[in-house]
Amino acid sequence: MKNIVVLISGNGSNLQAVIDACSQQKINGTLRAVFSNKADAFGLERARDAGIPAHALSASQFASREAFDQQLVQEMDAYAPDVVVLAGYMRILSPAFVAHYQGRLLNIHPSLLPKYPGLHTHRQVLENGDAEHGTSVHFVTDELDGGPVILQAKVPVFDGDDEAEITARVQAQEHAIYPLVISWFVDGRLQMKDGKAWLDGDLLPAQGYAAEE
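Residues numbered from 1 in each chain as written. Predicted model: local features only at pLDDT ≥ 70, side-chain atom pairs only at ≥ 80, totals over all residues. Heavy atoms only, no water.

A. Here's a closer look at helix α3 (residues 65-77). An ideal rise of 1.5 Å per residue puts 18 Å on 13 residues; α3 measures up with 18 Å between its terminal C-alpha atoms. Packing partners of the buried residues in α3 comprise β1 (2-8), β2 (29-36), β4 (83-86) and α4 (95-100). (Helix = DSSP H or I, 4+ residues; strand = E, 2+ residues; numbered from the N terminus. Expected span 1.5 Å × (residues − 1). Contact = heavy atoms within 4.5 Å.)

Structure follows, in structure tokens:
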């Protein structure tokens, strides 16, 4: 069984989807630990409720981002992670952290990358009058939200939508596709090679698996 470690900063709804998928054996792995940069993150309660070790590190205790990440790596590596899953983790990762977990670091981002990297994606979609929105699972590289895309899910944007409605629609898709991608990785089907995402030995297109032509 492959070891999974999850990083969160908040509510942890995607974490819950991973917990559920592991318990239902949809992911052939063990969620070994959850880490957060916020001690009051509700996701830590989700982990404890599921009997998963939950840890919090406060950035204020460290002199630099690099020092914080160095301690985080040390504590995470005690669980020997085969894959590290970012699930609403709101800190920029240091290059040393990304390099340490190169090729086994996954993130989910609430937009159809390369559109709208960074924050406030739902707001930008509304302000720009986009007809569709979505979410992307990708490998993490040093470029913010810039690693190779593995899988995307699209959702429609309707007239009169507000941020809450779009957020809920996107999260419903996130909870479906993130556990699926994690299962591909732990089953050995998915890898990052030469800065690209590969599934079952095939190079994935820029928008990820099953992208529309």
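B. Fine view of the sheet that holds strand β10 (residues 202-203). Strand order in this open sheet of three strands is β8-β9-β10, and the pairing throughout is antiparallel. Taken across any chain shown, the strands that pair with only one partner, and hence form the sheet edges, are β8 (190-193) and β10. Pairing of β8 with strand β9 (residues 196-199), which is carried by four bridges, proceeds in the antiparallel orientation. Following the sheet pairing, Leu190 is matched in β9 by Leu199. (Pairing = 2+ DSSP bridges.)

C. Highlighting unusual backbone geometry. Here Leu113 and Pro114 are connected by a cis peptide whose omega angle stands at 10 degrees. Take Pro114: it is sitting in the loop between β5 (105-109) and α5 (121-127). Even without being a glycine, Tyr116 presents a positive backbone phi close to 55 degrees. As for its position among the elements, Tyr116 is in the loop between β5 and α5. Owing to a relative accessible area of 12%, Tyr116 belongs among the buried residues under this scheme. A positive phi angle is found at Asp200, which is not glycine, with a value near 55 degrees. Locating Asp200 in the fold gives a position in the loop between β9 and β10. For Asp200, a relative accessible area of 46% gives the class partly exposed. (Buried < 20%, exposed > 50% of the residue type's maximum accessible area, 1.4 Å probe, protein only.)

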